Amino acid sequence: MSINKRQPFVAGNWKMNGSLDLVKDFNEKLAGFSTNTEVVICAPATLTHAFNQNGFSVGAQNVSHLDNGAHTGELSVGMLKEAGCGYVIVGHSERREDQGESNALVALKAKKCIENDLVPIICVGESLEIREAGEVESFVGQQLKAITDILSIEELAKTVIAYEPIWAIGTGKTASPAQAQQVHEFIRGYFSKIDAELAEGLRLLYGGSVKPDNARTLFAQQDVDGGLIGGASLKAEDFISICQAAN
Ligand code: PEP
């Protein structure tokens, strides 16, 4: 799996949705889908084996930071790879909230992915409370710091970062293109202080109520290289139209 410099990237996050019937529908509708955009569907781990990956790739939504062993209910990097995954979402805000995943744990998961040739799609983003307190950059900066503390520049270059303001996820309240660009610019700037070439090549996705009718203006922002799509990734026609908007 090779990652081109700033090739547009769109990932769907099916969350705890989907079925073998939906996989079949996507297999048929995305068959041979040809676009300049790297397209990934992050489905429940019980479904990933069933995708034909014809014109797109497949990812999971979580992974253990541990190796195989006595960890009931967890899935290891090796298991996900056997199930056809080349990518994993790590640190989604729903897991940070529901499972109490810390910045440090998210960073360990990202590192485990890189060490095992899986691309982590690392999610960061603030709540409305933090935005209203004017603390977006310090909050997102802390989330990034946990990752940059333990990943080398070479490892960081193999990640994809998704900025997902929590107040925009599943709410229909999309960040404005200017709001998205402002935080993406901050994130790229954060990485450029570590290494300019790293920052230039890193794919930064926006996530939060992206739909076919707002995708193009969001993706047109200078530092927005694509999207992480929740609700709209469950309908093949909408997902395809969002992928086309990233070209
Ligand atoms: C998400 O869960 O990653 C997401 C962006 O969801 P939605 O597109 O539904 O807001």
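This text goes with the structure placed above it.
First, a word on what this report is: a plain description of the structure on this page. (Residues numbered from 1 in each chain as written. Predicted model: local features only at pLDDT ≥ 70, side-chain atom pairs only at ≥ 80, totals over all residues. Heavy atoms only, no water.)

## Some details on the nonpolar core
In summary, soluble globular proteins display a tendency toward joint burial of nonpolar side chains. One finds L30, I187, F191 and F219 to be the most contacted residues of the largest nonpolar core, which totals 66 residues. Ignoring any residue separated from it by four or fewer positions in sequence, one finds L30 in contact with V39, I41, N54, G55, F56, A236, F239 and I240. Counting residues in each nonpolar core, the second largest holds 13 residues, with V40, I89, I121 and V160 among its members. (Core = buried A, V, L, I, M, F, W, Y, C linked by side-chain atoms within 4.5 Å. Buried < 20%, exposed > 50% of the residue type's maximum accessible area, 1.4 Å probe, protein only. Contact = heavy atoms within 4.5 Å.)

## Quick look at the layout of surface pockets
Approximately 480 Å³ is the volume found for the largest pocket. It is helix α3 (residues 93-98) that provides the largest number of residues to the lining of the largest pocket, a total of 3 residues. (1 Å grid on protein atoms, 1.4 Å probe; cavity = no way out; pocket = protein on both sides within 12 Å on 5 of 7 lines; lining within 4 Å. Points joined across faces, edges and corners; volume = space filled by probe spheres on them. Helix = DSSP H or I, 4+ residues; strand = E, 2+ residues; numbered from the N terminus.)

## Some points on the environment of L20
Secondary-structure assignment places L20 in helix α1 (residues 20-29). With a relative accessible area of 53%, L20 lands in the exposed category. Other than its neighbours up to four places away in sequence, L20 contacts L47 and A50.

## Quick notes on the pattern of salt bridges
Taken as a whole and judged by the stated rule, the model has 15 salt bridges. In this structure, E38 engages R203 in a salt bridge whose closest nitrogen and oxygen atoms are separated by 3.0 Å. Pair noted here: E38 is in strand β2 (residues 38-42) and R203 is in strand β7 (residues 203-207), with a separation of 165 residues, a long-range link. Residue R203 is classed as buried on the basis of its relative accessible area, which comes to 1%. A salt bridge links D67 to K112; the shortest N-O distance between them is 2.7 Å. Within this pair, whereas D67 is found in the loop between β3 (57-60) and α2 (77-82), its partner K112 is found in helix α4 (residues 103-115), the two being separated by 45 residues in sequence. Since its relative accessible area comes to 52%, D67 is described here as exposed. K112 sits in the buried class, given a relative accessible area of 12%. (Salt bridge = Lys/Arg side-chain N within 4 Å of Asp/Glu carboxyl O.)

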